[in-house]
Amino acid sequence: MDLDEAASIVSVSPSATGAELNEFLSKRGLMFGGGHCPDVGLGGFLLQGGMGWNCKNWGWACEQVAAIDVVTATGDILHCNSTCNSDLLWAARGAGPGFPAVVLRFHLRVRKVFAHMLSSAFIYPISQYRDVMKWVLEIAPLYGRDTEIVAVSVTPEGMDKRCIVPLFLTFQDNEENAKAALADANRSRPEGFITEVVNKPTSLAAEYRDQANANPPGYRFAASNAYIKNDADVVSVLEEAFTKPLSRESFALYFAMSPCSRKPLPDMALSMQTDHYFALYSIWKSKEDDLTCKRLARDIMLGIEAHAEGAYLGDADFQVRKTRFWTDECATKLMDLRRKWDQQGVICGYLDVGDQSGTAGLANVSEWCEEKW
Ligand SMILES: Cc1cc2nc3c(=O)[nH]c(=O)nc-3n(C[C@H](O)[C@H](O)[C@H](O)COP(=O)(O)OP(=O)(O)OC[C@H]3O[C@@H](n4cnc5c(N)ncnc54)[C@H](O)[C@@H]3O)c2cc1C
């Protein structure tokens, strides 16, 4: 990793993880809004857009990609920025796994590290789902700009029942500001919680540890997601997903995206977003349960799909479900660029079932791969 301190640009390999990058940057008083889990590689994460730390307010991680170095399908090594090979930079910011070249290095804009991170979490019985989700939806769009807000349906450690847990994580310069940032949530949370952990001092390293625990190694995963339409009755749309019994390790997640979702995006491939991001992680241990657990996830998503604008490439499996990942205009431009830069399909594409999409790329329409079920 190389840091240009004057320009606040770090140059990094796609094989580095967000945690490794932040370990390097934190020693220099800087950070990058990489993925929430320590083992998420920057390559896949940034190419698909990157829902990093405090994405709700700081925007998509790929917005901080200033330039890339790539090797093309014809074996040329190119530098791509806003003035040279700019169409490849456009594609690298949201193409996902269909990016038609191999990224050798990302040049990323970094931000100063926040000395004080505090979190507040409130654990409610799942029977409180409607009240709690309604509160999260009300409070999230207007909340302070350095606070990330999620609501998770999860079986917390030491408990044996599914709960709904709103989590507020704030990034601030000093303790006073951090406490002030969480005060609104701490004061206005609905009654009826089982327990609360208020103003807990935390750090990126501690958050990475928690995320690693929530995504245990050695398990089998089916992930799916949806951007729920802005005008949907979100509480009702997500009710089944949040309350249906799933395995102990499974979880459902609501990620508040407004106000980022209301700001015009820069000109880049990433073009799909709404105020409400939902992701479902069905997690199980044994291969024998594959079909049951995958079907459970599919059935929940089928109920949500009619209320979705599209989905995020990051928590998607094209071998199970394809849908709208971009606006139609950006999808058309992206698939044209794929054919321009990789006519023969030398670089691997979206790898849907049997690689049917091939050099044509994805059709950007909703489609379930039924033969898997
Ligand atoms: C536990 C867990 C937590 C996650 N949390 C988040 C999160 O907080 N936010 C978020 O946005 N996403 C998150 N994700 C999704 C994650 O960002 C994607 O799975 C991403 O693809 C991981 O990138 P990778 O480089 O590690 O994976 P890889 O499997 O190595 O890459 C995925 C694909 O990207 C392409 N690719 C990767 N590197 C290159 C390269 N150098 N050049 C060209 N193409 C390349 C390839 O097509 C590859 O198949 C999470 C995933 C997991 C498993």
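Predicted model only: the values in this text are computed from it and were never measured.

Tell me about the site of the ligand, residues and numbers included.
In the vicinity of the ligand lie 20 residues, with H36, G41, Q48, M51 and Y312 positioned nearest. Between an oxygen atom of the ligand and a main-chain N or O atom of G41, the distance comes to 2.8 Å. Within the backbone of G44, an N or O atom sits 2.9 Å from an oxygen atom of the ligand. Taken by itself the ligand offers 950 Å² of open surface, and the protein chains cover 66% of this. Those elements that provide at least two residues to the shell around the ligand are helix 2 (42–48) and strand 6 (101–109). Broken down by element, the residue count for the shell around the ligand peaks at five residues, all from helix 2. Here the residues of the shell around the ligand sort into 11 nonpolar, nine polar and no charged.

Tell me about the UniProt feature "domain: FAD-binding PCMH-type" (unreviewed entry) in the protein, and name the residues and values.
According to UniProt, the positions carrying the feature "domain: FAD-binding PCMH-type" (unreviewed entry) are residues 1–113. In the segment residues 1–113, helix accounts for 24% and strand for 28%; the C-alpha atoms at its two ends are 17 Å apart.

Can you explain the pairing of strand 12 (residues 220–228)? Please cite residues and give values.
Across nine bridges, the pairing between strand 12 and strand 14 (residues 276–284) is antiparallel. Directly across from S224, in strand 14, lies its bridge partner L280. Sheet topology places strand 12 next to strand 15 (residues 308–310); two bridges connect them, and they run antiparallel. Bridging from a neighbouring strand, I228 pairs with A308 of strand 15.

Before we move on, can you summarise the domain arrangement of the protein with the specific residues and values?
Here the domain parsing of the protein yields domain 1 (2–112), domain 2 (116–310) and domain 3 (333–372). Taking only C-alpha atoms, the centre of domain 2 and the centre of domain 3 are 31 Å apart. Taken together, the contact pairs six residues of domain 2 with five residues of domain 3. The three residues of domain 2 that bury the most area against domain 3 are A269, R298 and E305, which together make up 58% of that side's buried surface. Connecting domain 2 to domain 3 are zero salt bridges.

Lay out the sheet that holds strand 6 in plain terms, naming residues and giving numbers.
The sheet built from five strands is open, its strands ordered 1-2-6-4-5 with antiparallel pairing. Looking along the sheet, the strands with just one partner apiece sit at the ends: strand 1 (2–4) and strand 5 (77–80). The mean angle between the axes of side-by-side strands here comes to 20°, regardless of whether they run parallel or antiparallel. Of the strand pairs in this sheet, strand 4 (residues 65–72) and strand 5 are connected by four bridges, and their pairing is antiparallel. Residue pairing across strands places V70 opposite L78, the latter belonging to strand 5. Relative to the sheet, helix 1 (residues 18–26) contacts strand 1, strand 2 (9–12) and strand 6, its axis offset from that of strand 2 by approximately 135°.

Tell me what's going on with the packing of aromatic side chains, and back it up with residues and numbers.
Inspection of the entire model under this criterion finds 20 aromatic pairs. Between the aromatic rings of W58 and F114, the centroid separation amounts to 5.4 Å while the plane-to-plane angle is 15°, which identifies the pairing as stacked. Here F114 lies in the loop between strand 7 (111–112) and strand 8 (116–125) and W58 lies in helix 3 (residues 55–58), a separation of 56 residues in the sequence. By relative accessible area, which is 9% here, W58 ends up buried. Judged by relative accessible area, which is 12%, F114 ranks as buried.

What counts as what
- In this convention, every chain numbers its residues from 1, walking through the sequence in written order.
- Thresholds applied to this predicted model are a pLDDT of at least 70 for local features of residues and 80 or more for the giving and counting of side-chain atom pairs; totals over whole chains, interfaces and linings are not thresholded and use all residues.
- Processing note: side-chain calculations cover all non-hydrogen atoms of the structure and skip hydrogens and water entirely.
- If a single non-hydrogen atom of a residue is within 4 Å of a molecule or strand, that residue counts as near it.
- In protein, a polar contact means a hydrogen-donor-capable atom and an acceptor-capable atom, both N or O and within 3.5 Å, with residues adjacent in sequence counting only if both atoms are side-chain atoms; elsewhere, any N or O pair within 3.5 Å suffices.
- Note on areas: Shrake-Rupley with a 1.4 Å probe; residue coverage comes only from the protein chains shown.
- Helix numbering and strand numbering both begin at the N terminus, where a helix is a DSSP run of H or I of at least 4 residues and a strand a DSSP run of E of at least 2.
- Classification convention: Asp, Glu, Lys, Arg as charged; Ala, Val, Leu, Ile, Met, Phe, Trp, Tyr, Cys, Pro as nonpolar; all other residues, Gly among them, as polar.
- UniProt positions are given in the numbering used here, feature names are shortened, and annotations may be inferred rather than shown by experiment.
- At least two bridges found by DSSP between two strands is the condition for calling them paired.
- All domain edges in this entry derive from an automatic or database-based domain assignment.
- Here, two residues are considered to be in contact whenever any of their heavy atoms come within 4.5 Å of each other.
- As a working definition, buried area equals the accessible area (1.4 Å probe) given up by two parts on being put together, with both sides summed.
- By definition, a salt bridge exists where a carboxyl oxygen of Asp or Glu is found within 4 Å of a side-chain nitrogen of Lys or Arg.
- For every element, the axis is a line fit to its C-alpha atoms; helices are fit only across the contacting stretch, and the angle between N-to-C directions ranges from 0 to 180 degrees.
- By convention, a stacked pair of Phe, Tyr or Trp rings (six-membered ring in the case of Trp) has centres within 6.5 Å and planes under 30 degrees apart, an edge-to-face pair has planes over 60 apart, and any other such pair is tilted.
- Each residue is placed in one exposure class: buried if its accessible area under a 1.4 Å probe, protein chains only, is under 20% of its type's maximum, exposed if it is over 50%, and partly exposed if it falls in between.

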